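Analysis of the macromolecular model
Here are the chains, one letter per residue:
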Protein chains: 4
Amino acid sequence: MATTILVNQPVYPAMARPSNTETRRSEIVQALLTVMARHGYEKATIQLIAREARLSPGLLHYHFKHKQEILVALVEALADYAEHRFARLCDGQSQPRQQLEAYLHAWLSLGEGASPERVAAWVMIGAEAVRQPEVRTVYQRVIEAELSRLRGLIQQVQPHKPEPFASTLAASLLAMITGSAQLACATRDIMPSAYAAQAAIDYLRQALA
Amino acid sequence: MATTILVNQPVYPAMARPSNTETRRSEIVQALLTVMARHGYEKATIQLIAREARLSPGLLHYHFKHKQEILVALVEALADYAEHRFARLCDGQSQPRQQLEAYLHAWLSLGEGASPERVAAWVMIGAEAVRQPEVRTVYQRVIEAELSRLRGLIQQVQPHKPEPFASTLAASLLAMITGSAQLACATRDIMPSAYAAQAAIDYLRQALA
Amino acid sequence: MATTILVNQPVYPAMARPSNTETRRSEIVQALLTVMARHGYEKATIQLIAREARLSPGLLHYHFKHKQEILVALVEALADYAEHRFARLCDGQSQPRQQLEAYLHAWLSLGEGASPERVAAWVMIGAEAVRQPEVRTVYQRVIEAELSRLRGLIQQVQPHKPEPFASTLAASLLAMITGSAQLACATRDIMPSAYAAQAAIDYLRQALA
Amino acid sequence: MATTILVNQPVYPAMARPSNTETRRSEIVQALLTVMARHGYEKATIQLIAREARLSPGLLHYHFKHKQEILVALVEALADYAEHRFARLCDGQSQPRQQLEAYLHAWLSLGEGASPERVAAWVMIGAEAVRQPEVRTVYQRVIEAELSRLRGLIQQVQPHKPEPFASTLAASLLAMITGSAQLACATRDIMPSAYAAQAAIDYLRQALA
DNA sequence: AATGAATGAGTGTTCATTCAT
DNA sequence: GATGAATGAACACTCATTCAT
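The present account deals with the structure reproduced in this document. Only a predicted model underlies this, so the values are computations on that prediction, with no experimental measurement involved. (Residues numbered from 1 in each chain as written. Chains lettered and ligands numbered in written order. Predicted model: local features only at pLDDT ≥ 70, side-chain atom pairs only at ≥ 80, totals over all residues. Heavy atoms only, no water.)

**Considering the overall build of chain A**
Counting its secondary structure elements, chain A contains 10 helices and 0 strands. Along chain A, from the amino end to the carboxyl end, the secondary structure elements read α-α-α-α-α-α-α-α-α-α. Per-residue burial over chain A gives 51% buried out of 209 residues. Excluding contacts between residues fewer than 6 apart, the proportion of contacts in chain A whose partners are at least 24 apart in sequence is 66%. Of the roughly 10,400 Å² of accessible surface on chain A, a fraction of 54% belongs to carbon and sulfur atoms. (Helix = DSSP H or I, 4+ residues; strand = E, 2+ residues; numbered from the N terminus. Buried < 20%, exposed > 50% of the residue type's maximum accessible area, 1.4 Å probe, protein only. Contact = heavy atoms within 4.5 Å. Areas by Shrake-Rupley, 256 points an atom, 1.4 Å probe, with all protein chains shown as cover.)

**Some remarks on unusual backbone geometry**
The omega torsion of the bond from Glu 163 of chain C to Pro 164 of chain C falls at 5°, within 30 degrees of zero and hence cis. Its place among the elements puts Pro 164 of chain C in the loop between α8 (133–157) and α9 (165–187). The phi dihedral of Arg 54 of chain B falls on the positive side, at around 55°, and the residue is not glycine. Tracing the backbone through its elements, the reader meets Arg 54 of chain B in the loop between α3 (46–53) and α4 (57–63).

**Concerning the interface of chain B and chain A**
Across the boundary between the two partners, chain B contributes 43 residues, which contact 43 residues of chain A. Both faces considered, chain B and chain A share a buried interface measuring about 3,700 Å² in area, 68% of it formed by carbon and sulfur atoms. Between the two partners, chain B and chain A, sit 0 salt bridges. Where chain B touches chain A, the interface holds 6 residue pairs in polar contact (both at pLDDT 80 or more). Looking at the side of chain B that touches chain A, the elements with two or more residues in it are α2 (21–39), α7 (116–131), α8 (133–157), α9 (165–187) and α10 (193–208) of chain B. The dominant element in the side of chain B that touches chain A, judged by the number of residues it contributes, is α9 of chain B, at 15 residues. Of the residues belonging to the side of chain B that touches chain A, the class tally is 21 nonpolar, 13 polar and 9 charged. (Buried area = accessible area lost by both parts, 1.4 Å probe. Salt bridge = Lys/Arg side-chain N within 4 Å of Asp/Glu carboxyl O. Polar contact = N/O pair within 3.5 Å; in protein donor to acceptor, adjacent residues only side chain to side chain. Nonpolar A, V, L, I, M, F, W, Y, C, P; charged D, E, K, R; others polar.)

**Side note on the packing of aromatic side chains**
For the coordinates displayed, the defined rule picks out 10 aromatic pairs over all chains. Taking 5.4 Å as the distance between ring centres and 25° as the angle between the ring planes, the aromatic pair formed by Trp 122 of chain A and Tyr 139 of chain A counts as stacked. On the criterion of sequence distance, the pair formed by Trp 122 of chain A in helix α7 (residues 116–131) and Tyr 139 of chain A in helix α8 (residues 133–157) is long-range, its members being 17 residues apart. Taking 5.5 Å as the distance between ring centres and 75° as the angle between the ring planes, the aromatic pair formed by Phe 86 of chain D and Tyr 103 of chain D counts as edge-to-face. A residue pair is termed long-range when its members are at least 10 positions apart, and Phe 86 of chain D in helix α5 (residues 67–90) and Tyr 103 of chain D in helix α6 (residues 96–108) qualify at 17 residues. Residue placement shows Lys 67 of chain C over the ring face of Tyr 41 of chain C; its charged tip is 4.3 Å from the ring centre. (Phe/Tyr/Trp six-rings, centres within 6.5 Å; stacked < 30°, edge-to-face > 60°. Lys NZ or Arg CZ within 6 Å of the ring centre and 35° of its normal.)

**Examining the packing of helix α6 (residues 96–108) of chain C against α9 of chain C**
When two helices pack together, their arrangement is given by the angle between the helix axes and by the axis-to-axis distance. Residues and elements named next belong to chain C. Two numbers describe how α6 lies on α9: the axes approach to 10 Å, and their chain directions differ by 30°. One finds that α6 runs roughly parallel with respect to α9. As for the relative orientation of α6 and α9, their crossing is right-handed in sense. Along its contact with α6, which presents Tyr 103, Leu 104, Trp 107 and Leu 108, the element α9 presents Leu 173, Leu 174, Ile 177 and Ser 180. (Axes fitted to C-alpha atoms, helices over the stretch in contact; angles between N-to-C directions. Parallel < 35°, antiparallel > 145°, perpendicular 65-115°, else oblique. Left-handed = near helix turned anticlockwise from the far one by under 90°.)

**A few points about the protein's contact with DNA strand F**
Around DNA strand F there are 36 residues in total, and Arg 17, Arg 24 and Tyr 62 of chain A together with Ser 19 and Asn 20 of chain D lie nearest to it. Restricting the count to atoms of DNA strand F within 4 Å of the protein gives a sugar and phosphate share of 73%. At 2.8 Å, a side-chain N or O of Ser 56 of chain A approaches a phosphate oxygen of DNA strand F. Side-chain polar atom of His 61 of chain B to a phosphate oxygen of DNA strand F: 3.1 Å apart, as the coordinates give it. Going through the elements one at a time, α2 (21–39) and α4 (57–63) of chain A together with α2 (21–39) and α4 (57–63) of chain D are the ones with two or more residues in the surface near DNA strand F. In terms of residue class, the surface near DNA strand F is built from 11 nonpolar, 18 polar and 7 charged. (Near = heavy atom within 4 Å.)

**Looking at the protein's contact with DNA strand E**
Every one of the 37 residues lining DNA strand E counts as a neighbour, but Arg 17, Arg 24, Ser 56 and Tyr 62 of chain C together with Ile 46 of chain D are closest to it. A distance of 2.7 Å is found between a phosphate oxygen of DNA strand E and a side-chain nitrogen or oxygen belonging to Ser 56 of chain C. The separation between a phosphate oxygen of DNA strand E and a polar main-chain atom of Lys 67 of chain D is 3.0 Å. Put simply, the parts of the chain that give the surface near DNA strand E at least two residues each are α2 and α4 of chain B together with α2 (21–39) and α4 (57–63) of chain C. When grouped by side-chain class, the residues that make up the surface near DNA strand E number 12 nonpolar, 18 polar and 7 charged.

Written as structure tokens, this is what we have:
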């Protein structure tokens, strides 16, 4: 009997009500992603985000002290997501060259699992990083990590090329990815996402030839 | 012709103060450029723009009905500026290949006449184009014109390459320019503007080789 | 004619609309005085103050950047008022001893011109000075000035007493004035303002005997 | 009698956890004291008080229906504390004159056991008493009791002085205590607590001379 | 053409209070 | 008794826009 009670009931008074903060936080971050892709950061009001997440506005400030913190959490979530997507796309690919292409697919959201919403949100985040130092910090961290990963992959494909070959090519590719996303979002009809993305892949192949 | 213009202007109160609308409009647009580079579009309030232009807030709405109209005017002004800068940098260059490099310099704001302010403002405009249809329209027009010009230059350099060589390369270059500007503004210290821009030029040379 | 125009019309374009900021600011400060006497500072909301002043809430923030600035302006206005009231009550009094009593009357708001509203507001201000550094700064400045003035008056009445007689007595009187105001406001029925104030005057007479 | 108390307590679940309501209530009241001394009443949020007391916010409303009730309890606790401190300081003092000075020490929190926190909280309470009737009621009760006690002590020292000697002097002293506390808290650097308090004691000695 | 006061809808944020667990 | 998530009504403050002068 006693054992049953111990197993079924929380033992510590601190567990009188279990925390669901992590669940709520990710719900809120996801809602910001959706709203921001449509309206941008400034027009993504707490009210709109809350409605999207089906939560009350006050609750958002219970789980995040400031609106900006949701944005920062979103940047980290998106970086995580691309990381996982890359890992999944890489799965089984032993060739660095194919891993590189998988990388581009992951960030350009091509093929299955494509998410125009994420691409648009990432474009908005880039603009916010220009003017919000706190956002810039995390944005820079992500960019640095991606640059470093790209450099590593390139060096595996072309181990004999001296620097700054890998560094320059990595920067070019990242600029191209970023710019493709930007142009695809801002011009929609006239330059489809796939088109700009294909250009990046062509470039890569040519550069590594 | 000159007479016609004089006729179209009010004759009777000719001694009254001459219209300075165009002057004022460009002052206001210039002020938006400056403020927007620092604070983004939403935080570029009418009050801030007016203070920057040393004008009264009310006057801004005399010359522009809505804030968005200033933004649209700015997009056009920036396109004009790049056009003129390109024309000036091209001056004397008869070689299409050198014109192409001049083009990249003009848009990436390298060398003399570089203007980080314009680059930052252009990045902010790109983000606004994603969510404001009116801005997107002019933004698209500019992008289309630039794509077309780039395509033409490339075809002059490599007249024998079949499509979609020129189209793809033009798109790649524009994506790279856009992405370089974005990364330079949003990461400042870790990826200097010149670095990303140089990568674009390297890419161009390689592609045309 | 030209003269008439010059006289009747504003000459400088800067005067297209004359400023009424000073008028509005004092109206707002007066409204804060009234509302704060009744509800305290925190409960004196911008809405309440605006309604009291018959102005729109937005206008309050046009003339004062932050609510706290209204409070700081009120502290200065109250110090000014007591200064003027003291000057008026002193008028014709050549005797320092009578000036001292006039001083107490001025601050305790006795006799004609008494203003329970001002006394209550001053009590609230004292509490805010404890926790708001910006308010404390002006509050301290006022207290120091009053201490210094009191010390001077006492020294005129009793020029032969060595220090710290005047300093101590000045501090005692100010503490008494402050405490009388506090008790009168917070206990209303059981200790009328006049009662506590009379005690201060009795004390003064006795001390100077 | 003791038995009665035991009878009134629940007998059957006697082995269940014993009530700790009184402990919790005083912890909460103590936490309000600390937080209020720093931030004032309005800014002393339930969350802040709870954190200070190392309790959960919900628990505060279990022990006190409304925030104001904690404040009322604090007023009573502070009166009790001064009472006990006075009793302790009086201990062994048979002379009414020395008891009077002990009284001033107790309320002005001089010597050992001084507590700037309590003084500051008392100042905040005085301001709240002006605008909250429920607080005013308890505040008045405390003031009346103190006035009465002071009057009694003065009459013991000067039994032959006719009224309103004792009443007036008692009121003066209480005003001075109150005002000294106020000035000490609100001006900090420029008028130390001890200074203003000493003035009160000097005054008392002089008045009783 | 120009001014700057005025408005009101909307913003992020706070917070006492409630309540399921 | 105790927890901490949840609510909703406030709050100070912002801002594009209007308008009398």
